[in-house]
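Coordinate analysis (summary)
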Amino acid sequence: MLSAIIVEDEVLAAERLRVLLEECNVVLLKIFHHAQPALDWLSVHETDIVFADIGLPEITGLELVERIKRVAKKQPDVIFTTAYEEHALRAFELAAADYLLKPIKVSRLQTALERLNEKHREKADDFTHFKVFNRNRMVEIPWQQVRYLMAEHKTVFLFTGDGQSYELPKTLVYWEELLGDKIIRIHRNALVFRHTLDCLIRLDSGDEDDNNATWGARVLDIEKPLAVSRRQLAAIRKILREG
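Bear in mind that the values here come from a model prediction, so they are computed numbers and not experimental data.

A few words on the overall build of the protein. Assigned secondary structure in the protein consists of 7 helices and 15 strands. Taken along its principal axes, the extent of the C-alpha atoms in the protein is 60 × 50 × 30 Å. Expressed as a percentage of the 243 residues in the protein, the buried residues total 44%. Carbon and sulfur atoms make up 48% of the accessible area of the protein, which amounts to about 14,000 Å² in all. For the protein, the distance from the average site of its 34 positive side-chain charges to the average site of its 39 negative ones is 3 Å.

Applying the stated criterion across every chain, the model contains 8 aromatic pairs. When the ring of Phe127 is compared with that of Trp175, the centres are 6.2 Å apart and the planes differ by 70°; the resulting orientation is edge-to-face. Taken together, the residues span a long stretch of sequence, with Phe127 in the loop between helix H5 (106–126) and strand S6 (129–134) and Trp175 in helix H6 (residues 172–179) at a distance of 48 residues. We note that Phe127, like Trp175, is buried.

Here the focus is the layout of surface pockets. Approximately 1,400 Å³ is the volume attributed to the largest pocket. Along its surface, the largest pocket is lined by 40 residues, and Met1, Leu2, Glu176, Glu177 and Arg185 are the ones closest to its centre. With 8 residues, H5 is the largest single contributor of residues to the lining of the largest pocket. A domain-level breakdown of the lining of the largest pocket finds at least three residues from each of domain 1 (3–122) and domain 2 (129–242).

Quick look at the sheet that holds strand S3 (residues 49–53) now. An order of S2-S1-S3-S4-S5 is seen for the 5 strands of this open sheet, with the pairing classed as parallel. Each having just a single partner strand, strand S2 (27–32) and strand S5 (98–101) make up the two edges of the open sheet. Strand-to-strand twist of the sheet, defined as the mean angle between neighbouring strand axes without regard to direction, takes the value 20°. When strand S1 (residues 3–7) meets S3, the two strands line up parallel, connected through 4 bridges. Residue pairing for S3: Val7 is matched across the bridge by Ala52.

Another point: the pairing of S1. Within S1, 5 of the 5 residues are buried, which leaves it mostly tucked inside the rest of the structure. Going residue by residue along S1, you find Ser3, Ile5 and Val7 tucked away on one face and Ala4 and Ile6 tucked away on the opposite face as well. Across 5 bridges, S1 lies against S2 in parallel orientation. The residue of S2 that forms the bridge with Ala4 is Leu28. On the question of chirality, the crossover connecting S1 to the parallel S2 by way of helix H1 (residues 11–23) is right-handed.

Cut-off values and rules
Residues numbered from 1 in each chain as written. Predicted model: local features only at pLDDT ≥ 70, side-chain atom pairs only at ≥ 80, totals over all residues. Heavy atoms only, no water. Helix = DSSP H or I, 4+ residues; strand = E, 2+ residues; numbered from the N terminus. Buried < 20%, exposed > 50% of the residue type's maximum accessible area, 1.4 Å probe, protein only. Areas by Shrake-Rupley, 256 points an atom, 1.4 Å probe, with all protein chains shown as cover. Lys, Arg positive; Asp, Glu negative; His and termini not counted. Charge placed at Lys NZ, Arg CZ, Asp CG, Glu CD. Phe/Tyr/Trp six-rings, centres within 6.5 Å; stacked < 30°, edge-to-face > 60°. 1 Å grid on protein atoms, 1.4 Å probe; cavity = no way out; pocket = protein on both sides within 12 Å on 5 of 7 lines; lining within 4 Å. Points joined across faces, edges and corners; volume = space filled by probe spheres on them. Domains from an automatic or database assignment. Pairing = 2+ DSSP bridges. Axes fitted to C-alpha atoms, helices over the stretch in contact; angles between N-to-C directions. Right-handed = clockwise from strand over helix to strand, strands pointing away.

The structure is reproduced here in structure tokens:
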């Protein structure tokens, strides 16, 4: 799923876009009615898309994009929303992902989102190696050798099939977005590579139909099962059924 924030000073326009994004299965992280709070948020947090109104007060949407390039923790794609066409050329000069005219139609929004989804898929297909430090030198690890990624105390670690672990830069959300269909989230702090997922096992005793059961995921070459959240059970079962 793509994630997004909205920067829109018109309350009704922001609410309409929120509803449309929900229909399109986009995870909306925040709504801002001014640019500066959005910039402050982006300096600390990450998102895939910024939906920015061009006619914002104090800092315009066009100025916002230029400032995002300087302060954002991770560079998001920007989709402009406006009632006017005259800024389209300048928007694309700033490398905007798209330019949506108000009132925004859901079909037009879906087209913009499909382009970005394709872009993210291409990034995942291009990914071949993790680059990590080992004894003060850079080492490349093919992703096929990695079993899972786990976040511990705000640090992400990579675990290989031979029992080695390495610290990774960036957040778990960053790696989830980059790796795409190569991985499956099994818990809020763990991503498992799909080709290494073996089976689900029951970690507690009790009624098989008990909704409160505790489950773990068996991962290739990893002795101890990894905890699975209830929220992810259905997705993991589907992957296992499909082989």
